[in-house]
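Per-entry structural report
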Amino acid sequence: MKDLTEKVNEFRDERNWRQFHNSKDLALSMSLEASELLENFQWVSAEEGAEKNLENIKDELADVFIYGLMMADDLDIDMSEAILNKLKKNAEKYPSKKK
């Protein structure tokens, strides 16, 4: 994930966009991109949306992740660690019935 974050930041820095990427604006951008992702499924079934719009879904999902990686980096959050911690919390909150 570190290599990916470095590539994202390099792309951003080559364009001098860091000035626009504070935590608030990155969070807003993630929400906007998630809405664009959701548009692929508006008025159709999940299967139809994925079938008809897969390339756009990939692009919009990538945008969400790109903003997330930049935000995590700016806030010094290790996303691998954050995801593992969240999975642990979810396991405690929603225990598996398969024990």
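Below is a summary of the structure that appears in this document. Remember, it's a predicted structure, so these values are computed and weren't measured experimentally.

Before going further, it helps to examine the overall build of the chain. Within the chain, the secondary structure is distributed over four helices and zero strands. By the compact-globule yardstick of 13 Å for 99 residues, the chain is too spread out, its C-alpha radius of gyration being 16 Å. Summarising its shape, the C-alpha atoms of the chain cover approximately 50 × 35 × 25 Å along the three principal directions. Per-residue burial for the chain yields a buried fraction of 20% across its 99 residues. About 8,000 Å² of surface is accessible on the chain, with carbon and sulfur atoms providing 57% of the total. Averaging the coordinates of the 15 positive side-chain charges in the chain and doing the same for the 22 negative ones gives two points 9 Å apart.

Glancing now at the layout of surface pockets. Estimated volume of the largest pocket: approximately 290 Å³. Mapped by element, the contributors of at least two residues to the lining of the largest pocket are helix 1 (2-14), helix 3 (46-74) and helix 4 (79-93). Ranked by the residues each element gives to the lining of the largest pocket, the list is headed by helix 3, at eight residues. A per-class count over the lining of the largest pocket returns 14 nonpolar, one polar and no charged. The space that makes up the second largest pocket amounts to roughly 220 Å³. In this structure, the second largest pocket is lined by 13 residues; those nearest its centre are Lys2, Thr5, Asp73, Ile77 and Asp78. Here the element with the most residues in the lining of the second largest pocket is helix 1; it accounts for four residues. Here the lining of the second largest pocket is built from residues that sort into five nonpolar, three polar and five charged.

Taking 1.5 Å per residue, 29 residues should reach 42 Å; helix 3 reaches only 34 Å between its end C-alpha atoms and comes up short. The largest bend along helix 3 reaches roughly 90° and is located at Asn53. Taken residue by residue, helix 3 has Gly49, Ile57, Glu60, Val64, Tyr67, Gly68, Leu69, Met70, Met71 and Ala72 as its buried positions. In this structure, the buried residues of helix 3 make contact with helix 1, helix 2 (23-39) and helix 4. Two residues or fewer after helix 3 comes Asp76, characterised by a positive phi angle close to 55°.

Basis of the calculations
Residues numbered from 1 in each chain as written. Predicted model: local features only at pLDDT ≥ 70, side-chain atom pairs only at ≥ 80, totals over all residues. Heavy atoms only, no water. Helix = DSSP H or I, 4+ residues; strand = E, 2+ residues; numbered from the N terminus. Rg over C-alpha atoms; globule rule 2.2 N^0.38 Å. Buried < 20%, exposed > 50% of the residue type's maximum accessible area, 1.4 Å probe, protein only. Areas by Shrake-Rupley, 256 points an atom, 1.4 Å probe, with all protein chains shown as cover. Lys, Arg positive; Asp, Glu negative; His and termini not counted. Charge placed at Lys NZ, Arg CZ, Asp CG, Glu CD. 1 Å grid on protein atoms, 1.4 Å probe; cavity = no way out; pocket = protein on both sides within 12 Å on 5 of 7 lines; lining within 4 Å. Points joined across faces, edges and corners; volume = space filled by probe spheres on them. Nonpolar A, V, L, I, M, F, W, Y, C, P; charged D, E, K, R; others polar. Expected span 1.5 Å × (residues − 1). Bend = angle between axes of the 7 residues up to and from the residue. Contact = heavy atoms within 4.5 Å.

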